[in-house]
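# Examining the three-dimensional arrangement
Letter by letter, the chains look like this.
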Amino acid sequence: MVKFGLRLSQNRAPEYPPEAYMDYDKLKEIIHELKKKKLARVDSTTREVSLTAPPPTNAAGRQLTADDSPVNEEDFYSTIDKELAKVESFTLQQVTELRKQIDNVENEVKGWVTSTATAATSTGLHKMNESQIESSRESADTVAKSFLILEKYVNINFMGFHKILKKHDKNSPQHQCKQFYINRMHQQAWVRGDYSDVVVRLSNIYSALRDDHAAEENKDGGQQSFLRSTTKYWVRTEDVSKVKYAILKHLPVFLQKTSTGESDSQLTNSVYFDNDQLELYHGRLDKTPGAIAYRLRWYGAGNPKLVFCERKTHRDTWTGEASVKERFTVDESEVKQVLNDKYPIDEKRKEMQSKKGATADEVDDWETLVREMIQVVQVKQLVPTMRTQYMRTAFQIPFDATVRISLDTNLCMISERGYDTLGGAKWFRDPEKPLADNEITRFPHAVLEVKLELGGANAEPPQWVTDLQNSGMLYEVHKFSKFIHGCAALLPEYVRSVPYWVDDASIRDSILRSGGGRILVKQDHDTGVGPGANEVYDHLLPFGNVKEPRLDAKGRTANTSSLVKGVDESPAKGAVATAEQYYADADVTEEEMLNSTLRGCCEDTCAGWMFPFCSGYNDDILTPTSVQKIEPKIFFANERTFLHWLHSGVTLYTIAAGILAFASDANSMTAHWYAMALLPISLGFCLYALHLFLWRSEKIKTRIPGRWDDSRGPLILGTT
């Protein structure tokens, strides 16, 4: 393991002077001096002092002399205070410079946009604008990369302070101060500062460079055929800004109005309802056809004003049906009426027709939905159960549903059990009252959701989406649900089963802090996963289990492990790294790196080249980033392919037997040799079919990502 002092020196950005970073070695030296002195704990009960009495002995009972080091605890405190102030000052200075650079790019973009709008269109002008666009894009890229380098600077210093404070408390247990300084750091501008305005302004610049326009609203969507898919990923906190930058280069940020101006994110609260048996939780967890989720959602800080009553219904896609989300809006004062079946539906119906101009069909659909949602509350005896809270950043071109992306940060789940609802008048916790540890769980990762609507000319997702999915920054978690995770972590005594991702090593600590340890296996468990699906599918856990954690995994297979190490350790190979090397991972896509490394990795033997199932590819899964979705028909397709290959082998065998039986005496020698040559070929077809069937069955069973077809075997066998 590389010591942090060495890691800090190797990961300094070449754009920043070394003195801008915390002096880790100096703080470490002070700790070593304090350790030698073995200072005793101060008696906090004594309230009198003597000016003539000598100082007390140290923790070893020895009196300190003039020969001992003059370093004391105050030196450590003053030094770390200076280092914190230095890092904060440098961070704010860099942010100020970045904002000035953004001002220049904005003025540049506004200048050529205005000139283009007012000047006559000509070929020469168009070419000049193209060069200006490219120049502005490069300037925007430079600002964005500088911001990401600054964030890396903040993160490595933040980690350094954590480590040096931990080392101090370990060596001076009588004078622990880590918690005090950690709380203090979280109140300083360089840690808690909100720089989302940088993201908003960059998004506006890229949008202007792309010349984005709102798409025409599709009012006849039911007459078109689209393939809709939704995929959820975990994103580590240190990669959030990188992911935002990768997206906003292609999609604009949906801006949110706040009290301080425009922001790239908005606080979102959703209260989920369930009954005492957690019927809705288990239905959603088991993916029962028709299982619903019932929630009340509002946006923005403070108490809700406009509330969205939503119902999500699960449908199995392989049946040809799609899951649906339906909702209607009510005022916060009307929520109690909805929950108590006293909502004035007839009055609201007339209001929709007279004031909002809704059609009869729209009003009928609205009434049906409202009556069904009111009825389900009464029939299933639903009560507030779980609240999810997060800051949501949305990326989308208005009215264009081809690609929609949302990124949820600061995610936490809050239990809504244990208080009097006052007959529906109170449906979420009092925000003024603090929460106990077992009433809230804070999720350690951000959650990215990618929604694609493909069809017609857009049959394939955009290349940039594929590059982002393969970037190594996203960890797919199939069917991840905030509601399900919150119930499993905060209501462990009520759940009969839990989702597979609770065994993931990266979220274990957050579950333990919220009192959900009973759903987790013990630290010394043999397999590291609980009983059930994870005994077979534990490789689907993004960061491994407690027995085999992979907290630094990049989400690749075993064949790319050397590449992962090379990328991680590349900054350490040279004394000084260039800016491009320092930030190379933002310019080189994962696909390019995989292609350059994996070309020929499965072709180490002739059998490995001919038949992929003979090679070592995908034998040892580290952390899959893409989980294959299995439909029931794929098992039958595998069996049909097996039977087709057997049919081909039996046909060749029959031909060989016929030649042996009916060949004339004159050509008996040639016929015999020809028939004997066909027999092993037919046997090879059958053996190939059996091996391919077993190989693909294992792939299907364990959901191993990658190609499940064999593009070479049929060609080789067919040419024989």
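We now turn to the structure provided with this report. (Residues numbered from 1 in each chain as written. Predicted model: local features only at pLDDT ≥ 70, side-chain atom pairs only at ≥ 80, totals over all residues. Heavy atoms only, no water.)

The next subject is the overall build of the protein chain. A tally of regular secondary structure across the protein chain gives 23 helices and 12 strands. Among the 720 residues that make up the protein chain, the fraction classed as buried is 42%. If you take every contact in the protein chain between residues at least 6 apart in sequence, the share linking residues at least 24 apart comes to 74%. Summed over its atoms, the accessible surface of the protein chain is roughly 39300 Å², and 52% of this surface lies on carbon and sulfur atoms. (Helix = DSSP H or I, 4+ residues; strand = E, 2+ residues; numbered from the N terminus. Buried < 20%, exposed > 50% of the residue type's maximum accessible area, 1.4 Å probe, protein only. Contact = heavy atoms within 4.5 Å. Areas by Shrake-Rupley, 256 points an atom, 1.4 Å probe, with all protein chains shown as cover.)

This part covers unusual backbone geometry. Positive phi, close to 55 degrees, is recorded for lysine 287, a residue that is not glycine. Examined against the element boundaries, lysine 287 turns out to sit in the loop between helix 9 (279-285) and strand 5 (292-299). Residue classification places lysine 287 among the partly exposed positions, given a relative accessible area of 27%. One non-glycine residue, aspartate 341, lies in the positive phi region at around 60 degrees.

Our next topic: the environment of isoleucine 414. Residue position: isoleucine 414 is located in strand 9 (residues 403-415). In contact with isoleucine 414, not counting residues within four places along its chain, are Thr385, Met386, Arg387, Arg429, Leu435, Glu439, Ile440 and Leu490.

Buried residues dominate helix 8 (residues 240-248), accounting for 8 of its 9 residues. Taken residue by residue, helix 8 has Val240, Ser241, Lys242, Val243, Lys244, Tyr245, Ile247 and Leu248 as its buried positions.

So, on to the packing of aromatic side chains. Counted by the stated rule, this structure contains 26 aromatic pairs. Centre to centre, the rings of tryptophan 298 and phenylalanine 428 are 5.0 Å apart; their planes meet at 40 degrees, and the pair counts as tilted. Remark: phenylalanine 428 occurs in the loop between strand 9 and strand 10 (440-442) and tryptophan 298 occurs in strand 5; sequence separation between them is 130 residues. Across the pair, phenylalanine 428 and tryptophan 298 agree in class, each one buried. Ring geometry for tyrosine 475 and phenylalanine 543: centres 4.6 Å apart, planes at 35 degrees, overall tilted. Taken together, the positions of tyrosine 475 in strand 12 (residues 475-476) and phenylalanine 543 in the loop between helix 16 (534-537) and helix 17 (561-569) put the pair 68 residues apart, joining distant regions of the chain. Residues tyrosine 475 and phenylalanine 543 agree in their burial class; the two are buried. (Phe/Tyr/Trp six-rings, centres within 6.5 Å; stacked < 30°, edge-to-face > 60°.)

A few words now on helix 21 (residues 633-662). Between its terminal C-alpha atoms helix 21 stretches 43 Å, which fits the 44 Å expected from 30 residues at 1.5 Å a residue. Considered for burial, the residues of helix 21 that qualify are Asn638, Phe642, Trp645, Gly649, Leu652 and Ala656. (Expected span 1.5 Å × (residues − 1).)

This next bit is on the pattern of salt bridges. The tally for this structure, following the rule as stated, stands at 24 salt bridges. Aspartate 197 is the salt-bridge partner of arginine 99, the closest N and O atoms lying 3.0 Å from each other. With arginine 99 in helix 3 (residues 73-118) and aspartate 197 in helix 7 (residues 196-210), the pair connects residues that are 98 residues apart, well separated along the chain. According to the relative accessible area criterion, arginine 99 is partly exposed, its value standing at 27%. For arginine 236, the salt bridge identified is with aspartate 239, shortest N-O distance 3.9 Å. We note that arginine 236, like aspartate 239, is buried. (Salt bridge = Lys/Arg side-chain N within 4 Å of Asp/Glu carboxyl O.)

With that settled, the discussion passes to the packing of helix 7 against helix 8. Running from N to C, helix 7 and helix 8 point in directions that differ by 20 degrees, and their axes come no closer than 10 Å. On the basis of their axis angle, the class for helix 7 and helix 8 is roughly parallel. You can see that helix 7 and helix 8 cross each other, and the crossing is right-handed. In contact with Val199, Leu202, Ser203, Tyr206 and Arg210 of helix 7, helix 8 contributes Lys244, Tyr245 and Leu248. (Axes fitted to C-alpha atoms, helices over the stretch in contact; angles between N-to-C directions. Parallel < 35°, antiparallel > 145°, perpendicular 65-115°, else oblique. Left-handed = near helix turned anticlockwise from the far one by under 90°.)

Formed by 75 residues in total, the largest nonpolar core has its most connected members in Phe76, Tyr153, Ile247, Ile405 and Leu448. Among the elements that take part in this core, helix 4 (residues 123-171) stands out by supplying 15 residues, more than any other. Ignoring anything within four residues of it in the chain, the contact list for tyrosine 153 reads Tyr16, Ala20, Tyr21, Val87, Phe90 and Thr91. The next biggest cluster of nonpolar side chains, apart from the first, holds 33 residues, and it includes Phe480, Val502, Ile519 and Phe543. (Core = buried A, V, L, I, M, F, W, Y, C linked by side-chain atoms within 4.5 Å.)

Among the secondary structure elements, glutamate 88 is positioned in helix 3. In this structure glutamate 88 is buried but unpaired, with arginine 184 as the nearest side chain of opposite charge at 7.9 Å. The residues touching glutamate 88, leaving out its near neighbours within four places in the chain, are Gln188, Ala189 and Trp190. (Lys, Arg positive; Asp, Glu negative; His and termini not counted.)

A word on the pairing of strand 8 (residues 383-395). The side chains of a regular strand alternate between the sheet's two faces. Bridge analysis of strand 4 (residues 266-274) against strand 8 gives 9 bridges, and the strand direction is antiparallel. When the sheet's bridge partners are listed, leucine 267 is paired in strand 8 with methionine 391. Across 9 bridges, the pairing between strand 8 and strand 9 is antiparallel. In the sheet register, arginine 387 faces strand 9, and the bridge partner there is isoleucine 414. (Pairing = 2+ DSSP bridges.)

On to the pairing of strand 9. Summarising burial for strand 9: 11 of the 13 residues are buried, a large majority. Alignment of strand 9 against strand 11 (residues 446-454), held across 6 bridges, turns out to be antiparallel. Bridge assignment links isoleucine 405 to a residue of strand 11, and that residue is valine 450. Examined bridge by bridge, strand 9 and strand 10 share 3 bridges and lie antiparallel to one another.

Scope: geometric values only; no functional claims are made or implied.
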